[in-house]
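Residue-level structure breakdown
In case you want the letters, here they are:
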Amino acid sequence: GDFGARFGMGTSINTGLRTGLSLPQSGYLSGGDEIKPYTSTDENIFFRGVAAQFQIRKTGLSIFYSVNRIDATVDTAENAPILFIETFQTSGLHNNISSLEKKDAVTEYCYGLNVSSDFKYFRLGMVWMGSKFSLPVIRTNPDPEKIYDFEGTGNITAAAYYKAILGKMLFYGEVSSNLNQKLAIVQGLSFRPSDRLSINLLYRDYNPGFISFHGKGLFSSSAGNNVRGVFGNFTFEAARHLFVSAGCDLRFYPWFKYRCSAPSAAVSKEVRLKYLPSDKITFEAVYNSRQSMLNLDKTDGIKKQGIFAGSLVKGVVKYSPDDNLTFGIRLDYKIIRPDGARGMLLLQDISYRFGKIPLSVWFRYCIFRTDDWDSRLYTYENDLLYSFSIPALSGEGSRSYLMIAWRAMKFIEFRIKYGLTEIKKENDDNSETEELKMQVKIRF
């Protein structure tokens, strides 16, 4: 059937969905080993085939084999009448002629195994995985940024990982390599000196050219390579019901990346205060700062880089007068430097679960105003099961949605969501974008 897998730190195999990590968050750094049924919506990251897990005393063995058809753009080479893969398609949408032509265009064969042994305070594991495509991948983009992109028909990765507990400290790490000897290195430490304080440190180095089609290592880039960095955070219970957390991530990119045609650096920082005076009300304040190097727009010859930074202040209040009703208010203010662009957002959330009938309702009304695309703001939305929505709000306008969930029977659930985005234009003529989603879940 369809299944997902994750072993070690995930640099070699991790089919879990990752949309970004909160800097002050703790508890996700050590990873885990598992093979489990796949029930999400992404049509390219999962495996389809057979898998088995065995346990002999303190030694575990996991093996799998997968044959899955995935979406891709297929073209013909100029110098020879052969088909090749130009790009992989990950949207999962098949709503026009072009996207239908790309559906299930390529067959991917995957096979792998994981062996791990547990000792008293120590775990040691090894992962091996191979991927092969029915057509070759040929790099058609001559940009230097793409020089380390994958080419060929297959890829093999091997990894070794460990976890060790020493008193109040947890050490963990992993080293992965391709056949081209490009490495992915992760080394972390979690420390809890007291019940009120926890500290996490992490170093990672993803070489340019390291390829893992089904791997998502800790704090890897969207492409999974070309980043070296140090991360640290802490969570502290400063007083009764008051929690302080903060994190900082320093990154260096040894090769070109999107919008930067030279080696570059970046830093992200965040401080979060959370106050929970009772079970019914929560106050939260967040300060976030990000700084990176990007190409300057107006340069002749070799592109020069400049430092661009953004700061965000966010306040959130949630109030639940009873178990079935919740109100939420959020206010965001963002400023971009050096151009000084600003963005603001104010939203109201209401969720209600009826007591006598199996019906739940979510409603949001949001107004926003940003000076440009760089000052855009993101808001997480409740969505259909196994799906998520994080729209980018830019310009001046409003965003609202209404979602209803009805459990008709114990094994049938209906969900419907209607969303409306209004953008104000310069001539006072508003543009509207509507969306309607429906879902039926049947258990048997």
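Here's a quick rundown of the structure.

The rules we used
- Residues numbered from 1 in each chain as written.
- Predicted model: local features only at pLDDT ≥ 70, side-chain atom pairs only at ≥ 80, totals over all residues.
- Heavy atoms only, no water.
- Salt bridge = Lys/Arg side-chain N within 4 Å of Asp/Glu carboxyl O.
- Buried < 20%, exposed > 50% of the residue type's maximum accessible area, 1.4 Å probe, protein only.
- Helix = DSSP H or I, 4+ residues; strand = E, 2+ residues; numbered from the N terminus.
- Phe/Tyr/Trp six-rings, centres within 6.5 Å; stacked < 30°, edge-to-face > 60°.
- Lys NZ or Arg CZ within 6 Å of the ring centre and 35° of its normal.
- Core = buried A, V, L, I, M, F, W, Y, C linked by side-chain atoms within 4.5 Å.
- Contact = heavy atoms within 4.5 Å.
- Polar contact = N/O pair within 3.5 Å; in protein donor to acceptor, adjacent residues only side chain to side chain.

A short note on the pattern of salt bridges
Where charged atoms of side chains with opposite charge meet at close range, the side chains can pair. Under the definition given, this model contains 23 salt bridges. Arg-272 is paired through a salt bridge with Glu-270; the nearest N and O atoms lie 2.6 Å apart. Residue classification places Arg-272 among the buried residues on the basis of a relative accessible area of 17%. Here Asp-383 makes a salt bridge to Lys-417, at a shortest N to O gap of 2.8 Å. Of this pair, Asp-383 sits in the loop between β21 (377–378) and β22 (392–393) while Lys-417 sits in strand β24 (residues 412–423), and the two are 34 residues apart along the sequence. For the pair formed by Asp-383 and Lys-417, the shared burial category is buried.

Structural notes on unusual backbone geometry
Across the junction of Arg-337 and Pro-338, the peptide omega takes the value 15 degrees, indicating a cis bond. Position of Pro-338 relative to the elements: it lies in the loop between β18 (325–337) and β19 (342–353). For Asp-104, which is not glycine, the phi dihedral falls at a positive 50 degrees. Phi at His-241 takes a positive value of approximately 70 degrees, unusual for a residue other than glycine. Looking at the element boundaries, His-241 is found in the loop between β13 (227–239) and β14 (242–253). Accessibility expressed as a relative area gives 29% for His-241, which makes it partly exposed.

Concerning the packing of aromatic side chains
By the definition in use, this model includes 17 aromatic pairs. Ring geometry for Tyr-38 against Phe-46: centres 4.9 Å apart, planes inclined by 20 degrees, an arrangement best described as stacked. As far as burial versus exposure is concerned, Tyr-38 and Phe-46 are alike and both buried. One aromatic cluster is present, built from ring pairs that chain together Phe-88, Phe-133, Phe-150 and Phe-213. Here the guanidinium or amino end of Lys-257 rests over the ring plane of Tyr-253, the centre of that ring lying 5.0 Å away.

What about the nonpolar core?
Grouped together as the largest cluster of nonpolar side chains are 14 residues, with contacts concentrated most on Val-186, Leu-202, Leu-218 and Phe-219. Contributions of two or more residues to this core are made by β11 (183–194), β12 (197–206) and β13. Residues Val-127, Met-129, Ala-159 and Tyr-161 belong to the second largest nonpolar core, which totals twelve residues.

Digging into the environment of Asp-71
Inspection of the secondary structure assignment puts Asp-71 in the loop between β4 (59–70) and β5 (72–76). Along the chain, Asp-71 and Ser-91 lie 20 residues apart, while their C-alpha atoms are 8.9 Å from each other. The residues touching Asp-71, leaving out its near neighbours within four places in the chain, are Glu-43, Asn-44, Phe-88, Gln-89, His-94, Lys-102, Lys-103 and Asp-104. Only 2.9 Å separates the side chain of Asp-71 from the backbone nitrogen of Asp-104, close enough to count as a polar contact.

A look at the environment of Tyr-38
Mapped onto the elements of the fold, Tyr-38 is located in the loop between β2 (34–37) and β3 (47–56). Remark: the alpha-carbon pair of Tyr-38 and Asp-297, spanning 259 residues in sequence, is separated by 44 Å. Those residues within four positions of Tyr-38 in sequence are excluded, and the remaining contacts are Asp-2, Phe-3, Gly-4, Ile-45 and Phe-46.

Considering the environment of Tyr-162
Assignment of secondary structure puts Tyr-162 in strand β9 (residues 152–166). Taking C-alpha positions, Tyr-162 is 27 Å from Arg-196, a pair spaced 34 residues apart along the chain. Every residue in contact with Tyr-162, bar those within four places of it in the chain, is listed here: Met-9, Phe-122, Arg-123, Leu-124, Phe-171, Tyr-172, Gly-173 and Gln-187. Within polar-contact distance, the side chain of Tyr-162 engages the side chain of Gln-187 at 2.9 Å.

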